[in-house]
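Take a look at the letters that make up each chain.
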Amino acid sequence: MRFKPLLCALILQGCSLAPNYSPPPECPPIEWKEQDDRGISLSEVDPWWLVFQDDILTDLIETAIEQNPTLMVAFERIMEARGVAEAASSGLYPQLFLLPDGMSTGTVVQGPLGVTRAHLQSYSFPFNLSYELDLFQKIRNQSRAAYLNVDVKSYDYAGVYLALTTDVATSYFSCRSLDAQIEVLRETIQSRQA
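Since the structure is predicted, the reported quantities are computational estimates derived from the model, not experimental observations.

(A) Region of interest: the packing of aromatic side chains. Using the criterion set out here, one finds 7 aromatic pairs in the structure. Judged by centre distance (5.9 Å) and plane angle (80 degrees), the rings of W48 and W49 are edge-to-face. By relative accessible area, which is 4% here, W49 ends up buried.

The structure is reproduced here in structure tokens:
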């Protein structure tokens with residue numbers, strides 16, 4: 001009779017009320033303007049600015065990546081999300097707490113033979129073992145959500161990374177365009193003066 005509640009609890013542990021997550025399709029829509037038929041992944045073209053074969057541009061972008069505080073914050077958010085995910089998944093396992101303690105006391109006692117010292121040492125090793133049954137997979141779903149949040153933070157980092165490198169390249173080529181226009185104007189002035 002005592003085992004019926006325990007048996008019910010073990011049976012209900014496998015029940016999950018959360019809907020199954022189905023990720024969106026990975027292929028871009030047909031009208032996507034940057035669609036490439038070669039199927040190149042983002043990891044293969046990560047340093048996209050190397051296509052220009054410009055050492056100055058590469059140096060500027062590498063400096064921006066190393067010294068940009070927004071990019072550093074985005075990276076730290078990934079690390080924070082990983083810590084939260086590990087903490088959320090720790091509830092899936094039993095937890096054991098061990099708190100050893102020691103105490104030493106001494107007293108002076110007046111006895112028939114004179115003053116004597118009584119010394120007492122006591123040690124204790126209390127431990128606590130706890131485990132929460134995941135009846136409706138609440139802890140498992142929280143852990144899964146926390147790990148999906150790590151993916152979100154990783155994509156946020158990739159977005160900041162891409163925006164930063166694009167801004168540096170755009171500014172660099174705008175500056176080069178203005179330098180070229182200045183050179184054309186100088187050549188025009190010299191030809192008109194001649």
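(B) Representation of the packing of helix α3 (residues 69-89) against helix α4 (residues 138-193). Contact geometry of α3 with α4 gives a least axis separation of 8 Å together with a crossing angle of 170 degrees. For the element pair α3 / α4, the angle class is roughly antiparallel. A per-class count over the contact of α3 with α4 returns 16 nonpolar, 6 polar and 4 charged.

(C) Highlighting the nonpolar core. The biggest cluster of nonpolar side chains holds 10 residues, and these are W49, L57, I61, A64, L71, Y161, L164, V168, A169 and Y172. Listed by contribution, the elements that provide at least two residues to this core are α2 (55-67) and α4. For this core, the element with the highest residue contribution is α4, accounting for 5 residues. With sequence-adjacent residues up to four places away left out, L164 is seen in contact with A64, I65, N68 and L71.

(D) Highlighting α2. Helix length check: α2, at 13 residues, gives a terminal C-alpha distance of 18 Å against a target of 18 Å (1.5 Å per residue), a fit within 8%. Every buried residue of α2 is listed here: L57, T58, I61 and A64. Projection of α2 onto a plane perpendicular to its axis shows the buried side chains occupying an angular sector of 130 degrees, all on one side. The exposed set on the far side of α2, more than 90 degrees from its buried face, consists of D55, I56, E66 and Q67. Its side-chain oxygen placed 3.1 Å from the backbone nitrogen of I56, D54 serves as the N-cap of α2.

(E) Up close: α3. With 21 residues, α3 extends 30 Å from end C-alpha to end C-alpha; this agrees with the ideal 30 Å at 1.5 Å per step. Burial in α3 covers these residues: L71, A74, I78, A81, A85 and S89. Viewed end-on, α3 has its buried residues packed into an arc of 70 degrees, placing them on one side of the element. Exposed residues on α3 whose side chains face more than 90 degrees from its buried face are P69, E80 and E86. Where α3 is buried, its residues meet α2 and α4. Its side-chain oxygen at 3.0 Å from the backbone nitrogen of T70, N68 defines the N-terminal cap of α3.

(F) Unusual backbone geometry, seen in detail. Of note in this structure, Q53 is not a glycine but carries a positive phi near 50 degrees. We note that Q137 has phi near 55 degrees; this positive angle belongs to a residue other than glycine. If you trace the backbone, Q137 turns up in the loop between β4 (127-130) and α4.

Quick notes on the rules
- Residues numbered from 1 in each chain as written.
- Predicted model: local features only at pLDDT ≥ 70, side-chain atom pairs only at ≥ 80, totals over all residues.
- Heavy atoms only, no water.
- Phe/Tyr/Trp six-rings, centres within 6.5 Å; stacked < 30°, edge-to-face > 60°.
- Buried < 20%, exposed > 50% of the residue type's maximum accessible area, 1.4 Å probe, protein only.
- Axes fitted to C-alpha atoms, helices over the stretch in contact; angles between N-to-C directions.
- Helix = DSSP H or I, 4+ residues; strand = E, 2+ residues; numbered from the N terminus.
- Parallel < 35°, antiparallel > 145°, perpendicular 65-115°, else oblique.
- Nonpolar A, V, L, I, M, F, W, Y, C, P; charged D, E, K, R; others polar.
- Core = buried A, V, L, I, M, F, W, Y, C linked by side-chain atoms within 4.5 Å.
- Contact = heavy atoms within 4.5 Å.
- Expected span 1.5 Å × (residues − 1).
- Arc of directions from axis to C-beta.
- Polar contact = N/O pair within 3.5 Å; in protein donor to acceptor, adjacent residues only side chain to side chain.

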